[in-house]
Amino acid sequence: SNFIDDLRVYVRGGTGGMGYPNLGGEGGRGGDVWFVARERTTLKSIREKYPQKRFVAGTGANSSVKALKGEKGKDCEVHVPLGISVLDGDGRQIGELNAAGERFLAARGGLGGSLATNFLPCKGQRRTVHLDLKLIADVGLVGFPNAGKSSLLSKISHAKPEIANYAFTTIQPELGKIMYEDYKQISVADLPGLIEGAHANKGMGHKFLKHVERTKQLLLVVDISGFQLSIKTQFRTAFETILLLTKELELYKEELVTKPALLAINKMDLPCAKDNLDELMTQLENPQDFLHLVEEEMIPANTLEFREVIPVSTYTGEGIEELKTCIRKSVDEQAEQVNEEYRKKKLLLLQTSK
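Residues numbered from 1 in each chain as written. Predicted model: local features only at pLDDT ≥ 70, side-chain atom pairs only at ≥ 80, totals over all residues. Heavy atoms only, no water.

**Quick look at the overall build of the protein**
Phase 1 of the analysis: The helix and strand inventory of the protein stands at 6 helices and 14 strands.
Phase 2 of the analysis: The C-alpha atoms of the protein give a radius of gyration of 26 Å, which is well past the 20 Å a tight globule of 354 residues would have.
Phase 3 of the analysis: By principal-axis analysis of the C-alpha atoms, the protein measures approximately 90 × 60 × 40 Å.
Phase 4 of the analysis: For the protein, the proportion of its 354 residues judged to be buried stands at 47%.
Phase 5 of the analysis: Considering only residue pairs separated by 6 or more positions, the protein has 73% of its internal contacts joining residues 24 or more positions apart.
Phase 6 of the analysis: Each charge class in the protein was averaged separately, 47 positive and 47 negative side chains, and the resulting centres sit 13 Å apart. (Helix = DSSP H or I, 4+ residues; strand = E, 2+ residues; numbered from the N terminus. Rg over C-alpha atoms; globule rule 2.2 N^0.38 Å. Buried < 20%, exposed > 50% of the residue type's maximum accessible area, 1.4 Å probe, protein only. Contact = heavy atoms within 4.5 Å. Lys, Arg positive; Asp, Glu negative; His and termini not counted. Charge placed at Lys NZ, Arg CZ, Asp CG, Glu CD.)

What follows is the structure in structure tokens.
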């Protein structure tokens, strides 16, 4: 696979140096193993560069007549991508790295030999940890298979995802950037197709849903003609598809439904698309009036509030420029809101400190 979002590695801090009993000399501490977040790094590149997936720091220098205090062993730095959660062997999160330059101490070096240790060195910390990647993007494309997410990503960004006319075309996340005339760039992640029951890890549910967590906004992509995974599964209208997608997000993690969201209604070039769109817009304006038409288990506790609903066709190009404009507006508004909240907090801190 070209994309890896989980990697298990072994880390070991360096052993300390020997002490010098006759003169009370202290050995150097063993080196530490650090994970350091760096842009343009992937878990795949780590696996290729270090096939053994073992990271061991240097041994501390022994105490000697020339240097009673031994030097610390050499640290081992492992460059990891942004958006990494570090999990211990029991699956507990012990750290995360979301911004370039952030560091996490993965394994501490052992103490050097001293009077307290009878001048014998201590071994460094050793353990196996999981590096779990969750993509960081401004916008995450969410939709069932064949909704046209890959095609949409190729139209609005510089990404070149593989596109074919069958379910589960996309089996790995794809990242693209929308480029604007004023050089503004917005990152968009095509998150592979969900299916009903994804929250319960059906299909590859959790593997895909976890990437939604760190996207700032959601862009739901829905086929105006509805969706049916196979002849064995039930046909879903566009309205039912939106409810189901919302339900899957909500069951996986409730706060996902509180993210700012846009809705792209795709395949507007199909026959009857205009009539279907009129019906859908009526349903979206008053969703409570139409919930009786669907099974109770399909109804989410909270319906998504869409900032904009944009009809598009990746085949004809209809609505693509309008969608890019709406994405830019929504992302800019969210950024301004975050800045305003930050300014208010700083002002409040200044007032309380006085």
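Right, picking up where we left off after that structure.
**Remarks on the domain arrangement of the protein**
The figure often quoted for interface size is the accessible area lost as the parts come together.
Phase 1 of the analysis: Split into domains, the protein comes out as domain 1 (6-133) and domain 2 (137-338).
Phase 2 of the analysis: When each unit is reduced to the centre of its C-alpha atoms, the spacing between domain 1 and domain 2 is 43 Å. (Domains from an automatic or database assignment.)

**Points about unusual backbone geometry**
Phase 1 of the analysis: The phi torsion at Arg40 lies on the positive side, around 60°, for a residue other than glycine.
Phase 2 of the analysis: By the secondary structure assignment, Arg40 is in the loop between strand S2 (33-37) and helix H1 (43-49).
Phase 3 of the analysis: Residues other than glycine seldom take positive phi values, yet Tyr183 does so here, at roughly 75°.
Phase 4 of the analysis: Examined against the element boundaries, Tyr183 turns out to sit in the loop between strand S10 (174-179) and strand S11 (185-190).

**Side note on the confidence of the model for the protein**
Phase 1 of the analysis: For the protein, the mean per-residue pLDDT works out to 88, and 90% of the residues sit at or above 70.
Phase 2 of the analysis: For the stretch residues 163-170, pLDDT sits under 50, and the model shows 20 contacts to residues farther than four places along the chain or on other chains. (pLDDT = per-residue confidence, 0-100.)

**Observations concerning helix H4 (residues 238-252)**
Phase 1 of the analysis: Its 15 residues give H4 an end-to-end C-alpha distance of 21 Å, which sits within 8% of 21 Å, the value for a rise of 1.5 Å per residue.
Phase 2 of the analysis: Most of H4 sits out of view: 14 of its 15 residues are buried. (Expected span 1.5 Å × (residues − 1).)

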